[in-house]
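Fold and geometry: a report
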Amino acid sequence: MYQALYRKYRPRTFDDVAGQEHITETLKKQVVSGRLSHAYLFIGTRGTGKTSCAKILAKAVNCAHPVNGNPCNICPACRGIDGGSVLDVVEIDAASNNSVDNVRALRDEAVFSPASVRKRVYIIDEVHMLSTSAFNALLKILEEPPEHLMFILATTELRKVPATVLSRCQRHSFRRLDAAVISERLDDVAAREGLTLTHDASILLARLAEGSMRDGLSLLDQCSGADPIDSETVLSAMGLAGTRRTAELLKAVSDGDSLAALTIFDELWRQGKDPAALLSDLGVLMRDLLIVSVAPKGGMHLISGAADMETLQRFSGRFTNAELLRAMQRTQEALGALRDNPSPRAAVELCLVSLCDPSLGGGLPELLARVSRLEEKGVCAAPAAFPAEGPEAACTPATSSMQKPEFEPGFAQEPGFPPMPESEPEDVSEGGSQPGPQRSDGDSAPAEDIDPAKAEAEPPSGGGAPAESASWEALVSAMKPRLAVGIYSLLTDPLQIMGVFSGDRLTLHIAKGFACDMLNKQDILAQFRECASGLTGRPIFVDVSEMDSGEKLATRSLKELERFKQVKFI
Ligand SMILES: [Zn+2]
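Bear in mind that the values here come from a model prediction, so they are computed numbers and not experimental data.

Rules used in this analysis
Residues numbered from 1 in each chain as written. Predicted model: local features only at pLDDT ≥ 70, side-chain atom pairs only at ≥ 80, totals over all residues. Heavy atoms only, no water. Helix = DSSP H or I, 4+ residues; strand = E, 2+ residues; numbered from the N terminus. Buried < 20%, exposed > 50% of the residue type's maximum accessible area, 1.4 Å probe, protein only. Areas by Shrake-Rupley, 256 points an atom, 1.4 Å probe, with all protein chains shown as cover. Pairing = 2+ DSSP bridges. Axes fitted to C-alpha atoms, helices over the stretch in contact; angles between N-to-C directions. Donors = N, O, S within 2.8 Å, 3.2 Å for Na, K, Ca; no water. Tetrahedral: all angles 85-135°; square planar, octahedral: opposite > 155°, others 65-115°. Lys, Arg positive; Asp, Glu negative; His and termini not counted. Salt bridge = Lys/Arg side-chain N within 4 Å of Asp/Glu carboxyl O. Contact = heavy atoms within 4.5 Å. Phe/Tyr/Trp six-rings, centres within 6.5 Å; stacked < 30°, edge-to-face > 60°. Core = buried A, V, L, I, M, F, W, Y, C linked by side-chain atoms within 4.5 Å. Parallel < 35°, antiparallel > 145°, perpendicular 65-115°, else oblique. Left-handed = near helix turned anticlockwise from the far one by under 90°. Expected span 1.5 Å × (residues − 1). Arc of directions from axis to C-beta.

1. Things to note about the overall build of the protein
Helices and strands together make up the secondary structure of the protein, namely 28 helices and eight strands. In the protein, which comprises 570 residues, the share counted as buried stands at 47%. As displayed, the protein offers around 27,400 Å² of accessible surface, 52% of which is attributable to carbon and sulfur atoms.

Below you can see the structure in the form of structure tokens.
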């Protein structure tokens, strides 16, 4: 009878268990010293060796001749447990035996001394599936266990196990296995099975296994009909497009070539490739590109390894970070919607077309991506939402026209406002919509007035001489080098965020939704705090107030006034 590879090559001693040395070494020492717990809880994702270790431990504690903490696998106890003839070692799947009656029956028989071995061992797999009353019944035995009893509980979902049970168990967390560990094991098994497994295919299988040895071996099983097993075999057996095709698809996206993208997808679709896996691969490739971009030196270990460095280098500079973020978001959305979609093909095509042409999406991520692209092309030196007078002012429409056309005239001309008494805010507000006459007034303003443009032109770089107060614009300028481009561009849009200084407090009014998600984070707020404290020369507290979208428009003119005032009297 054919035995699945993962069963055939299931580890039989602690030393055989790959990648979990932190657990196996501890358990071996406990077996040698005899200092065993009466209840263990093994936690970890599927296929990481929990039940294998549980069985090995059950054998080791009953073995007649344990070798350095490992079971000998030849004494009657070891062989009996392996063969299932020793009734004192019981494996229970809690998924199908989760009622209180099951546990009560277990409790009733648990009190009896073992018949043929030293310890009666209950291995309860997927223990989180037990009902509450079953857990309570289990707790009774765990509280006062007889000397001959041992429980080994295994779970993939720690948070579903009651704290009362957790506190009575010795916990061991199984790691997700490194691709290198899985690949090594696959090579070993392939050699023993007489299979020709190429190095590339072994690495690819290990990556697809996502940390699970069992999955890795099952995948190898699935490909074992081919000789040799190379990456092409693996890709076609799994219905995957492969890195080369994924890279071609991404190139079409970066070229904005919808036709090419749809043609490539059509070919892959005809070949029976899985659309979800295709989008997922595309997402992984973009994620790797983003990591290379934001952490070119330190982030190498975070890269998935799906694409080689040469492929990643080829895409260098083809996307801005904001574009990558947006594309990844779009891909994730499409992936999420794919599951229940009766027409997956159309869903993927829609996603590809919108990736190729960002102007087809109207959301903030799309706009950010477009702004970042314009910046990249040098349309504007900086995403200045509060432009100074001079050559830079000329490029303002390019960046701001997409986000705030309705406010354009007043917005661009604002620095030209004449100084206004605080008691007449209404006039200033109205003046904002009539830039013409206000401008000439502004030009004729007395020379000794502080020019707001000048104040912006020399933003304190942080940590300078103590100042009475700081302006939001100066803070935004000083924040620029600290933030990613996509995040920074949010700061320059008063519809998204506006900071107001009041004494030692900086209140950030942030638009609900995307802006809040991106900006209302500990690390970003810490940057604000540090930067604002540097500007003012004293500790500044930062708090956040969320703006509704309705509130944004209503308070906008007021917020701009406040800003105007602060620029004047800095
Ligand atoms: Zn033995």
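Once the structure has been displayed, the description carries forward.
2. Regarding the sheet that holds strand S4 (residues 149–155)
Taken in spatial order, the five strands line up as S2-S3-S4-S1-S5 in an open sheet, and their pairing is parallel. Because the sheet does not close on itself, it has two edges, and the strands there are strand S2 (89–93) and strand S5 (170–173). Taken pair by pair, the neighbouring strands of this sheet meet at an average axis angle of 15°, ignoring direction. Two strands pair when backbone bridges link them, and strand S1 (residues 39–43) and S4 are joined in this way by five bridges, in the parallel orientation. Within S4, the residue paired with Leu41 across the bridge is Leu153.

3. Points about the coordination of the zinc ion
Distances from the zinc ion to its protein donors, Cys63 (SG), Cys72 (SG), Cys75 (SG) and Cys78 (SG), fall at 2.2 to 2.3 Å. Its four donor atoms give the zinc ion angles of 99 to 122° at the centre, a pattern that matches the tetrahedral case. Read N to C, the donor residues that coordinate the zinc ion are spaced as C-x8-C-x2-C-x2-C. As far as the burial class goes, Cys72 and Cys78 line up, both buried.

4. A word on the side chain of Asp221
Mapped onto the elements of the fold, Asp221 is located in helix H10 (residues 213–223). In this structure, Asp221 is buried with no salt-bridge partner, the nearest side chain bearing the opposite charge being Lys8 at 8.8 Å. If we skip the residues at most four places from it in the chain, Asp221 touches Tyr2, Ala4 and Leu5.

5. Section: unusual backbone geometry
Looking along the chain, the bond that leaves Asp227 and enters Pro228 is cis, with omega of -5°. Of note, Pro228 is situated in the loop between H10 and helix H11 (231–238). At Asn68, a residue that is not glycine, the phi angle is positive and equals roughly 55°. The phi dihedral of Glu126 falls on the positive side, at around 50°, and the residue is not glycine. Secondary-structure assignment places Glu126 in the loop between strand S3 (120–125) and helix H6 (132–143). Exposure remark for Glu126: the relative accessible area of 24% places this residue in the partly exposed category.

6. Quick notes on the pairing of S1
With five of five residues buried, S1 lies mostly within the body of the structure. Side-chain alternation along S1 places Ala39, Leu41 and Ile43 on one buried face and Tyr40 and Phe42 on a second face that is also buried. Bridge analysis of S1 against S5 gives four bridges, and the strand direction is parallel. Across the sheet, Ile43 pairs through a bridge with Ser173, a residue of S5.

7. What about the packing of aromatic side chains?
Here the structure, examined in full by the defined rule, presents five aromatic pairs. Between the aromatic rings of Tyr122 and Phe151, the centroid separation amounts to 5.5 Å while the plane-to-plane angle is 20°, which identifies the pairing as stacked. Highlighted residues: Tyr122 in strand S3 and Phe151 in strand S4, separated in sequence by 29 residues. For the pair shown, Tyr122 and Phe151 are each scored as buried.

8. Examining the nonpolar core
Judged by nonpolar contacts, the single largest core of 33 residues is most densely connected at Leu249, Leu250, Leu282, Leu289 and Phe319. Elements with a contribution of two residues or more to this core: helix H12 (242–255), helix H13 (258–270), helix H14 (275–294), helix H16 (321–338) and helix H17 (344–356). In this structure, Leu490, Leu506, Cys516 and Met547 belong to the second largest nonpolar core, which totals 32 residues.

9. Topic: the pattern of salt bridges
Across all of its chains, the model carries 26 salt bridges by this definition. We note a salt bridge from Glu193 to Lys8, for which the minimum N-O separation is 2.8 Å. Placement of Glu193 in helix H8 (residues 179–193) and of Lys8 in helix H1 (residues 5–8) is noted, with a sequence separation of 185 residues between them. Put simply, Arg244 and Glu248 hold a salt bridge, and the shortest N to O gap is 3.3 Å. You can see Arg244 and its partner Glu248 sitting in helix H12, four residues apart, about one turn around the helix.

10. Focus on the packing of H8 against helix H9 (residues 199–208)
Two quantities define a packed helix pair, namely the angle between the axes and the distance from one axis to the other. Here H8 crosses H9 at 125°, and the two axes come no closer than 8 Å. Between H8 and H9, the angle falls in the class oblique. Of the two possible hands of crossing, H8 and H9 adopt the one that is right-handed. The residues of H9 that touch H8, namely those facing Ala179, Ile182, Ser183, Leu186 and Asp187, are Ser202, Ile203, Leu205, Ala206 and Arg207.

11. Considering the sheet that holds strand S7 (residues 505–511)
Pairing in this open sheet of three strands is mixed, and the strands run S6-S7-S8 from one edge to the other. The open sheet has two edge strands with one neighbour each: strand S6 (497–502) and strand S8 (541–547). Across the sheet, the mean angle from the axis of one strand to that of its neighbour is 20°, orientation sign disregarded. Note that S6 and S7 share six bridges and pair antiparallel. Looking across to S7, one finds that Met498 is bridged to His509.

12. Some details on H8
One turn of the α-helix equals 3.6 residues, which is why residues spaced by three or four share an orientation. Compared with an ideal rise of 1.5 Å per residue, which puts 15 residues at 21 Å, H8 spans 21 Å between its outermost C-alpha atoms and is within 8% of the ideal. Turning to H8, its buried residues number three or more, namely Ile182, Ser183, Arg185, Leu186, Val189 and Ala190. Down the axis of H8, the buried side of the element spans an arc of 165°, and every buried residue falls inside it. Of the residues in H8, the exposed ones pointing more than 90 degrees away from the buried face are Ala180, Glu184, Ala191 and Arg192. Among the residues trailing H8, Gly194 stands out with phi positive, at a value near 70°.

So far we have only geometry, and geometry alone does not tell us how the molecule works.
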